[in-house]
Amino acid sequence: MTMTEAQEREAMIREGVAALCSEFPGEYWRELDREQEYPTAFVKRLSEDGWLGALIPEEYGGGGLSESDAAIILEEINHSGCNAGACHAQMYIMGTVLRHGSEEQKQAYLPGIASGDIRLQAFGVTEPDAGSNSLAIRTRAVQQDDGSWIVDGQKIWTSRFFHSDMMLLLARTSEPTEDKPKWWGLSTFLVDLREAGDAIDARPIRTMMNHATTEVFIKGLRLPADALVGEEGMGFKYILDGMNAERILIAAECIGDGRWFIEKAAAYATEREVFGRPIGANQGVQFPIARAYAAVEAADLMRRRASELFEAGEPCGAEGNMAKLLASEASWQAANACLDAHGGFGFAEEYDVERKFRETRLYMTAPINNNLVLAYLGQHVLKMPRSY
């Protein structure tokens, strides 16, 4: 694909996503935010138009698009003032099934995920006592004589649970041994939440933004033998395998947020007059917006570099992590510049600044804390001693 063709393709994606998002203006999101309700209508439209199935190959009913294309989709959602956090997992959680699942699993689930008939948006990994140390999780799956599995444990920050048909679950199935690496012994399972019944008790967690997250308690959950994805004991590697894609897509969302904040701030600073002139004529207002713009554009370059490496099948752990780090910091920088430019009006609900301000702050902490990104870069890229 030539550069011109790539640019035309990107413009077409942006135009299509922006047109859809225009049907869901600020009033829609403000009402949901007040009641902490899920944007069901918005997600349904994204599914109907094929955007959430973008990364699924055409042979399974998806769009067959690239990581770069998917990043543009999520970026444009946030750039349009909407919130991709409500549905981004529908795009990338299925990657574990696509890369490591059996052909039977792919045929059974991917077409439904592509069409939106099956929601695979819940990701059961984090636990209260483990946090970012996934190797310390205690949820256990014990295989029975008939090949089925019995699962017991607890998960936290499992988002979109109540808006999912399926959940990808990470559980310990074996203890590490001397002849195995320390990450071995965790396995991934596809859990059909429609059939789980009372074995799963999910409790909503209200947060500073409308994110539909939960704490999940699992007791005596029976899973069929074919719920296991890939090889037993390899689940941690499978999860890591999908993290580069996740980092890149989250970075894209942050870039979309950053551009929304900058455009909003620049327009307001140009129009708002105090003491007989636009407030944007004052360097104290103008320069923070300009600096945030530079930060967002720089982060976008790293995100694009990470996407290129990912699509070429090259190692991109450092680039994916740096893209997420830089983009989340840039969007937060833009958020503060935008709020400062609006003054008191930035805190008023009708301007949407305070809502987006709360939403974008999440990504300095999740899905990986930026301090852990720095620890990764220090240890694995710069070869310094482990710092934690």
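Structure: see above.
Report follows, based on the coordinates. (Residues numbered from 1 in each chain as written. Predicted model: local features only at pLDDT ≥ 70, side-chain atom pairs only at ≥ 80, totals over all residues. Heavy atoms only, no water.)

A short note on the overall build of the chain
Inference 1: Helices and strands together make up the secondary structure of the chain, namely twelve helices and ten strands.
Inference 2: Within the chain, the fraction of its 388 residues that count as buried is 53%.
Inference 3: Surface summary for the chain: the accessible area is close to 17,700 Å², and the carbon and sulfur share equals 52%.
Inference 4: One finds the centroid of the 38 positive side-chain charges in the chain at a distance of 5 Å from the centroid of its 58 negative side-chain charges. (Helix = DSSP H or I, 4+ residues; strand = E, 2+ residues; numbered from the N terminus. Buried < 20%, exposed > 50% of the residue type's maximum accessible area, 1.4 Å probe, protein only. Areas by Shrake-Rupley, 256 points an atom, 1.4 Å probe, with all protein chains shown as cover. Lys, Arg positive; Asp, Glu negative; His and termini not counted. Charge placed at Lys NZ, Arg CZ, Asp CG, Glu CD.)

Focus on the pattern of salt bridges
Inference 1: Applying the stated rule across the entire model yields 32 salt bridges.
Inference 2: Of the charged contacts in the structure, one is a salt bridge between Asp-241 and Arg-99, with a shortest N-O distance of 2.8 Å. Separated by 142 residues along the polypeptide, Asp-241 in helix α8 (residues 235-271) and Arg-99 in helix α6 (residues 95-100) bring together distant segments of the chain.
Inference 3: The class of Asp-241 is partly exposed, set by a relative accessible area of 33%.
Inference 4: In this structure, the salt-bridge partner of Arg-304 is Asp-300, at a minimum N-O distance of 3.1 Å. Placement of both Arg-304 and Asp-300 in helix α9 (residues 283-311) is noted, with a separation of four residues, approximately one turn of the helix.
Inference 5: Overall, Arg-304 belongs to the partly exposed group, its relative accessible area being 29%.
Inference 6: Bridged by salt links that share partners, the residues Glu-10, Arg-14, Glu-75, Glu-76, Arg-259, Glu-297, Asp-300, Arg-303 and Arg-304 form one connected network. (Salt bridge = Lys/Arg side-chain N within 4 Å of Asp/Glu carboxyl O.)

Considerations on the packing of aromatic side chains
Inference 1: Within the structure shown, the criterion is met by ten aromatic pairs.
Inference 2: A ring pair is formed by Trp-260 and Phe-261, whose centres lie 5.3 Å apart and whose planes are at 80°; its orientation type is edge-to-face. Each member of the pair Trp-260 and Phe-261 is classed as buried.
Inference 3: Relative to Tyr-351, the ring of Phe-345 lies with its centre 5.5 Å away and its plane at 40°, an arrangement referred to as tilted.
Inference 4: An aromatic cluster is built from Phe-24, Tyr-28, Trp-29 and Phe-42, whose rings are joined through pairwise contacts.
Inference 5: Sitting over the ring of Trp-332, Arg-361 keeps its end group 5.5 Å from the ring centre.
Inference 6: Directly above the aromatic system of Tyr-388 lies the positively charged group of Arg-386, at a separation of 4.2 Å from the ring centroid. (Phe/Tyr/Trp six-rings, centres within 6.5 Å; stacked < 30°, edge-to-face > 60°. Lys NZ or Arg CZ within 6 Å of the ring centre and 35° of its normal.)

Observations regarding the side chain of Asn-321
Inference 1: Locating Asn-321 in the fold gives a position in helix α10 (residues 317-342).
Inference 2: Here Arg-247 takes part through its side chain, which lies 3.2 Å from a polar atom of the side chain of Asn-321.
Inference 3: Engagement of the side chain of Asn-321 in a polar contact is seen with the backbone oxygen of Gly-317, the distance being 2.8 Å.
Inference 4: The residues contacting Asn-321, other than those within four sequence positions of it, are Arg-247, Ile-368, Val-373 and Tyr-376. (Polar contact = N/O pair within 3.5 Å; in protein donor to acceptor, adjacent residues only side chain to side chain. Contact = heavy atoms within 4.5 Å.)

Quick look at the pairing of strand β2 (residues 140-143)
Inference 1: In the sheet, β2 pairs with strand β3 (residues 149-159) via four bridges, with the strands oriented antiparallel. Bridge pairing links Val-142 to Ile-150 in β3. (Pairing = 2+ DSSP bridges.)

What to know about a nonpolar patch on the surface
Inference 1: Residues Val-381, Leu-382 and Met-384 make up a contiguous nonpolar surface patch of roughly 280 Å² in combined accessible area.
Inference 2: By relative accessible area, which is 45% here, Met-384 ends up partly exposed. (Patch = residues over 30% accessible without salt bridge, like charges linked within 9 Å, V, L, I, M, F, W, Y side chains within 5 Å.)

Describing helix α1 (residues 3-21)
Inference 1: With 19 residues, α1 ought to run about 27 Å at 1.5 Å a step, and its terminal C-alpha atoms sit 27 Å apart, in line with that.
Inference 2: Listing the buried residues of α1 in full gives Glu-10, Ile-13, Arg-14, Val-17, Leu-20 and Cys-21. Summarising the axial view, the buried residues of α1 lie within an arc of 130°, below the 170-degree limit, and thus occupy one face. With respect to the buried face of α1, the exposed residues turned more than 90 degrees away are Glu-8, Met-12 and Glu-15. (Expected span 1.5 Å × (residues − 1). Arc of directions from axis to C-beta.)

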